[in-house]
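# Structure at a glance
So you can see what is in the structure, the chains are spelled out below.
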Amino acid sequence: MAREFPDECRIVRATVEMLPELLELEEACFSAPWTRKMMEAELTGNQFARFLVATVHQEVVPSDGTIVGYHCFWIVFEELRLMNLAVHASMRRRGVGRALAIEAISMGLAHAATRAVLEVRSSNEPAQRLYRQLGFVPVSTRRSYYTNPIEDAVLMAMDPLVMPAGSQQTRIAGGEGVIPAQ
Ligand SMILES: CC(C)(COP(=O)(O)OP(=O)(O)OC[C@H]1O[C@@H](n2cnc3c(N)ncnc32)[C@H](O)[C@@H]1OP(=O)(O)O)[C@@H](O)C(=O)NCCC(=O)NCCS
């Protein structure tokens, strides 16, 4: 059963002004983090990229919120590619990662994507469980795909792309806090 998306969270589009906060989160969450240049390119220079953040705040003013999670994904014609998903350690296991992933699936479907793919470190059991819960299945291994440390990637796919079972019951699919599809 999916956990409730926390009441105090909202998902909004990322802006380039959020770059310092995003980099801080990236560096806290990954052993081989994206650089500022890479992240800036995703935010400003990639026509396929979408970048969402989960913010937590008292007043409903997204720009004043603290970023607790982010998700960068690409919609490349019929394919949704989940690129980077991270949630602040203090906010994990509360449904934020799931909500960010569901929003990507929803946006992919709105743009006529028919399948989704992602790579995940072979040791990253929490993320693999999240993706399996959403309907992804492991399809192959990419040897020594990651650095620091060198590690295989598990390629996971969802084909056909569908909204995960039960996602209508979560807050993210219920309307409030959901950003409109581009
Ligand atoms: C992976 C990550 C994004 C999950 O975010 P999250 O907000 O904690 O995930 P959710 O609360 O939405 O969890 C959804 C499901 O994922 C699985 N899951 C998440 N964290 C888990 C953990 N530590 N152990 C086991 N399963 C876990 C569970 O199935 C969970 O459902 P449940 O809580 O109902 O059991 C987060 O742990 C993270 O940022 N990790 C570091 C960065 C990373 O590895 N990103 C993924 C790169 S591919």
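The subject of this paragraph is the overall build of the protein. Each helix and strand counted, the protein has 5 helices and 7 strands in total. Its helices and strands taken in sequence order, the protein reads β-α-α-β-β-β-α-β-α-β-β-α from the N to the C terminus. Within the protein, buried positions represent 30% of all 182 residues. Long-range contacts, defined as pairs at least 24 residues apart, comprise 64% of the intrachain contacts of the protein with a sequence gap of at least 6.

Within the structure, the ligand sits among 20 residues, and Arg 92, Gly 97, Arg 98, Pro 126 and Leu 130 are positioned closest to it. At the level of elements, strand E4 (79–87), helix H3 (96–110) and helix H4 (125–134) are the ones that each hand at least two residues to the shell around the ligand. If you tally residues by element for the shell around the ligand, the top one is H4, at 5 residues. For the shell around the ligand, a count of residues per class yields 10 nonpolar, 4 polar and 6 charged.

Before going further, it helps to spend a moment on the nonpolar core. Ala 54, Tyr 70, Leu 80, Leu 82, Val 96, Leu 100 and Ala 101 are the most contacted members of the largest nonpolar core, which has 40 residues in total. Looking at this core element by element, the count peaks at 7 residues for H3. Apart from the residues lying within four places of it in its own chain, the contact partners of Ala 101 are His 71, Leu 82, Leu 85, Leu 130 and Leu 134.

Overall, the prediction assigns the protein a mean pLDDT of 88, with 85% of residues at 70 or greater. Segment residues 169–177 is flagged for pLDDT under 50; beyond a separation of four residues in sequence, or across chains, it makes 22 contacts in the model.

Take the sheet that holds E4 next. Read from one edge of the open sheet, 7 strands run E1-E2-E3-E4-E5-E7-E6, paired in mixed fashion. Each end of this open sheet is capped by a strand with a single partner; those strands are strand E1 (9–13) and strand E6 (137–146). Here the strands of the sheet are splayed against their neighbours by 25 degrees on average, with no regard to which way each runs. In this structure, strand E2 (residues 49–56) lies alongside strand E3 (residues 66–76), joined through 8 bridges in antiparallel fashion. Considered in E3, the bridge of Arg 50 is made with Phe 73.

For strand E5 (residues 115–121) and strand E7 (residues 151–158), the ladder comprises 6 bridges, and the chain directions are antiparallel. By the bridge assignment, Val 117 is partnered in E7 with Ala 157. Pairing of E6 with E7 involves 6 bridges; the strand directions are antiparallel. Note on E7: the bridge partner recorded for Arg 142 is Ala 153. Between E6 and E7, which follow one another and run antiparallel, lie 4 residues, and Asn 148 among them has a positive phi close to 50 degrees.

A word on the environment of Thr 55. Positionally, Thr 55 belongs in strand E2. Residue Thr 55 is classed as buried on the basis of its C-beta count, with 23 C-beta atoms lying within 10 Å.

Rules and cut-offs
- Residues numbered from 1 in each chain as written.
- Predicted model: local features only at pLDDT ≥ 70, side-chain atom pairs only at ≥ 80, totals over all residues.
- Helix = DSSP H or I, 4+ residues; strand = E, 2+ residues; numbered from the N terminus.
- Buried ≥ 20, exposed ≤ 12 C-beta atoms within 10 Å, placed from the backbone.
- Contact = placed C-beta atoms within 7 Å.
- Near = placed C-beta within 6 Å.
- Nonpolar A, V, L, I, M, F, W, Y, C, P; charged D, E, K, R; others polar.
- Core = buried A, V, L, I, M, F, W, Y, C linked by C-beta atoms within 7 Å.
- pLDDT = per-residue confidence, 0-100.
- Pairing = 2+ DSSP bridges.
- Axes fitted to C-alpha atoms, helices over the stretch in contact; angles between N-to-C directions.

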